[in-house]
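# Summary of the model geometry
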Amino acid sequence: MTPGKKRPALEVRHFSHGYRETLVLKDLSFAVDRGDFFILIGPNGSGKTTLMKALAGIIPAAGSLKVLGRPVESYSRKALARHIAWVPQQLPLDFPFSVREMVLMGRAPHQGILGFETREDMAVAERIMAVTDIGSLADRKLNCLSGGELQRVFIAKALCQEPDILLLDEPTAFLDLAHQIQVMDLLEQLKQERGITIVMVSHDLNLAAMYGDRLLLMRDGGILSLGSPNAVLTFSLLEAAYGCVLLTEKSPLGDFPRVTTVPGRIAKRAVNRLCRQADGLDAVAGDPSREE
Amino acid sequence: MTTSAIFRRIVWVSTPLLVLLAAFAFLGISVGSSRLTPADAFQALLGRGPEPDMLTNIIWRIRLPRVILGALVGSTLSLGGLVFQALLRNPLAEPYILGISGGSAVGAIIGILLGFSRVPGVCLTAFSGSMAVLALVVLMGRGGIRLKKDALLLSGVMINAFCSSVITFLLSISQDARIHNILFWLMGDLSLPDLAQAGLLALIVLPCFLLIFRYANVMNLLLMGKEAARTMGVNTGAASLVLLLATSFMVSATVSYCGLLGFVGLVMPHLLRLVLGPDHRVLVPACILGGGAYMILCDILARVLPTQGEMPTGVITAMIGAPLFIYLLKRSRI
């Protein structure tokens, strides 16, 4: 990319969404650097998906959003779709498209008024199906695929838009462990080989720790913390966000934390022990109703 | 520009359907109270053969307009079904089932009773009727939850019940001598027009066909849901509006010509989708050609089956379409 490489991919200022009493996003400001693997984490209802949709331009938000240094309003819908692609959790499969047809639809922002694909469009689709390892599925119908295969098809369709920024809403949510790693490895590979900026929502803190360059921890529509996995995934921040005890330690796999959920009975025992040791400082850490 | 694969596919699919349409059209010209062999019909069409004047008159004055009207109506209603199924993402959507046709019929009757000419008067009152129903359907779909399949069907049934009672009400308070004609028209009748009328209808619906074809790929994207379509560069609001307006406009134009032909928009889109897959760039031209052929066939049956006279074509379309609807309803239960 051009010398102005350090312009952020996404720049959010004073982002808000919703009404006075029920603000889903509360005055968020942050930036996502180019080529970052950026992961949004936080409890249910903290506004992750809403923020994602606002970044994708699906829902309106007050405040300003700059995409690759330019205000989002200066893009047409079609032009924006050539820079940002969105991978939803699930797409409706009522109409039985084949994998190739679905992937080719991602070329729409590059096509003329009738949406006829050129040979170049076909070539791009074939290349991307190879990269995402779905080439052998090209003629299968979407409703005959497993969850992991479907997720790769959705990602391939988004990649066909040839975006600079890829937004994903919990791409690993319905996948088993092997497929989770497969999808995350694919995203990491896209980031490294193509310099694509990845922004995703995840509920899995360990995947976020292992793959994320920077994490945005949300709570109640606001930013609780933003930084590297080591900075964000700490006991006190997670406890504040999720309201439960989570064990955090250094992962044996590398320089990132490992987060373990703690069953209530063990948490209670640990808290009691801590109470005795640490003079009541963390005495109520296990109480989910506690607010900061 | 090199011809793209999709263009070749459209040609491949359209050519046989066009041949089919031409064959049925030709059969439609041959069949009637005075039967002709296809060869005679062809001769008469060109103004030659035995008794050229009489036969040529029958064919040019009565049968050809009827076949053209049938083709246009079949195309319009099939395409209407296709568009509604895509936009509402509901395989059971169809102008008649949604109540759009019923709304246009009320509008058309009001126009007829007020003594308007068919074009533009009755067409416009029919269009207002269909827009009123469409607004209702869209508003119901907006209220937070997307309209579920059953709710959509129920509202369609209710709208149709309401519309037919309004029609009966209007007919009972009017002293119109043409009431028998109107009742026959209501059940779907292709027997009215002359060639100029059929041509006029063509002028109304053909631009709508082109407009809808221009949005064929957009319909593919809209199947992914409005949010996903938006992130693929579609201006979803404008596209839906254009498609809905064009569809109701052409449907109400056909309703004001030949009344209510039920379930036509169900048969061809489903049959073609089954064979050709769900790509609308192929399905739009296929529905236009196949729908026309289907309607001509129904009309031939309506003319051939009764031992004397003929029956409204709507009887045939409903007898074929309604069982299919029940089958689809059973299959699409989730």
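That block above? That's the structure.
Residues numbered from 1 in each chain as written. Chains lettered and ligands numbered in written order. Predicted model: local features only at pLDDT ≥ 70, side-chain atom pairs only at ≥ 80, totals over all residues.

It is worth spelling out the overall build of chain A at this point. Helices and strands together make up the secondary structure of chain A, namely ten helices and twelve strands. Its C-alpha atoms give chain A a radius of gyration of 21 Å, near enough to 19 Å, the size a compact globule of 292 residues would have. Across the 292 residues that make up chain A, the buried fraction comes to 39%. Residue pairs in contact within chain A that sit at least 24 positions apart in sequence constitute 64% of those at least 6 positions apart. (Helix = DSSP H or I, 4+ residues; strand = E, 2+ residues; numbered from the N terminus. Rg over C-alpha atoms; globule rule 2.2 N^0.38 Å. Buried ≥ 20, exposed ≤ 12 C-beta atoms within 10 Å, placed from the backbone. Contact = placed C-beta atoms within 7 Å.)

Take the overall build of chain B next. Scanning chain B from N- to C-terminus turns up 15 helices and zero strands. Taking 20 Å as the expected radius of gyration for a compact globule of 334 residues, we find that chain B reaches 20 Å, a close match to that expectation. In chain B, which comprises 334 residues, the proportion classed as buried is 50%. Within chain B, contacts between residues separated by at least 24 positions form 77% of all contacts whose residues are at least 6 apart in sequence.

The strands making up a sheet associate through hydrogen bonds between their backbones, and the pairing can be parallel or antiparallel. Residues and elements named next belong to chain A. Spatial ordering of the open sheet is given by β2-β1-β4-β5, a layout of four strands whose pairing is antiparallel. The open sheet is flanked by β2 (23-32) and β5 (70-71), the only strands paired with a single partner. Helix α1 (residues 48-56) rests against β1 (10-18), β2 and β4 (62-67) of the sheet, and its axis sits at about 60° to β2. (Pairing = 2+ DSSP bridges. Axes fitted to C-alpha atoms, helices over the stretch in contact; angles between N-to-C directions.)

For the rest of this paragraph, the subject is the packing of helix α9 (residues 195-214) of chain B against helix α12 (residues 236-258) of chain B. All names here are of chain B. Where α9 meets α12, the closest approach of the two axes is 10 Å, and the angle between their N-to-C directions is 155°. Classified by the interaxial angle, the pair formed by α9 and α12 is roughly antiparallel. In the crossing of α9 with α12, the sense of the turn from one axis to the other is left-handed. Contact with α9, carried on its side by L201, I204, V205, C208, L211 and I212, involves V242, L243, A246, F249, M250, A253 and Y257 of α12 and no other residues of that element. (Parallel < 35°, antiparallel > 145°, perpendicular 65-115°, else oblique. Left-handed = near helix turned anticlockwise from the far one by under 90°.)

With that out of the way, let us pick up the packing of helix α14 (residues 280-304) of chain B against helix α15 (residues 313-331) of chain B. Helices that pack against each other are described as a pair by the angle of their axes relative to one another and the distance between those axes. All names here are of chain B. Close contact between α14 and α15 brings their axes to 8 Å; oriented N to C, the two are set at 115°. For the crossing formed where α14 meets α15, the hand is right-handed. Listed contacts from α15 to C298, D299, L301 and A302 of α14 are T313, V315, I316 and T317. Its residues assigned to classes, the contact of α14 with α15 shows five nonpolar, two polar and one charged. (Nonpolar A, V, L, I, M, F, W, Y, C, P; charged D, E, K, R; others polar.)

All names here are of chain A. Overall, mixed pairing links the six strands, which are arranged β6-β7-β8-β3-β9-β10 in an open sheet. In this open sheet, the two edge strands, each paired with only one partner strand, are β6 (84-87) and β10 (222-227). Across the sheet, the axes of successive neighbouring strands diverge by a mean angle of 15°, strand direction being ignored. As judged from the five bridges shared by strand β9 (residues 214-219) and β10, these two strands associate in the antiparallel manner. Counterpart to L217 in the pairing with β10 is S225. Strands in contact with helix α5 (residues 147-160) are β6 and β7 (165-169); relative to β6, the strand with the most contacts, it is inclined by about 165°. Taken strand by strand, helix α9 (residues 235-242) contacts β9 and β10, and its axis lies near 155° from that of β10.

Residue and element names in this part refer to chain A. One non-glycine residue, D27, lies in positive phi territory at about 50°. Counting through the fold element by element, D27 comes out in strand β2. At D133, a position not held by glycine, the phi torsion is positive, near 65°. Position of D133 relative to the elements: it lies in the loop between α4 (119-131) and α5.

Attention now goes to helix α1 (residues 5-30) of chain B. If you check α1(B), its first and last C-alpha atoms are 38 Å apart, about what 26 residues at 1.5 Å a residue would give, namely 38 Å. Within the sequence span of α1(B), burial applies to B:I6, B:I10, B:V13, B:L21, B:F24, B:G28, B:I29 and B:S30. (Expected span 1.5 Å × (residues − 1).)

Residue and element names in this part refer to chain B. Here α15 is 19 residues long and its end C-alpha atoms lie 27 Å apart, about the 27 Å a rise of 1.5 Å per residue gives. Buried within α15 we find T313, G314, I316, T317, A318, G321 and F325. Buried residues along α15 sit in contact with α13 (264-276) and α14.

Relative to the elements of secondary structure, A:P88 occurs in the loop between β6 and α3 (99-105). C-beta crowding within 10 Å serves as the criterion here: with 23 such atoms nearby, A:P88 is assigned to the buried category. Between the C-alpha atoms of A:P88 and A:A158, which are 70 residues apart in sequence, the distance is 9.9 Å. Contact partners of A:P88, with chain neighbours within four places excluded, come to A:D169, B:E227 and B:A228.

A few words on the nonpolar core. One finds A:V103 and A:L167 to be the most contacted residues of the largest nonpolar core, which totals 179 residues. When residues of this core are assigned to their parent elements, the largest contribution, 15 residues, is made by helix α3 (residues 52-87) of chain B. Filtering out sequence-adjacent residues up to four positions away, A:L167 remains in contact with A:M52, A:L55, A:A56, A:I84, A:A85, A:W86, A:V87 and A:V199. (Core = buried A, V, L, I, M, F, W, Y, C linked by C-beta atoms within 7 Å.)

Turning next to the pairing of β4(A). Residue and element names in this part refer to chain A. Pairing of β1 with β4, which is carried by five bridges, proceeds in the antiparallel orientation. Within the sheet, the bridge partner assigned to L10 lies in β4 and is V67. Across two bridges, β4 lies against β5 in antiparallel orientation. Considered in β5, the bridge of V67 is made with R70. The hairpin turn running from β4 into β5, its antiparallel successor, is two residues long, and L68 in that turn takes a positive phi close to 50°.

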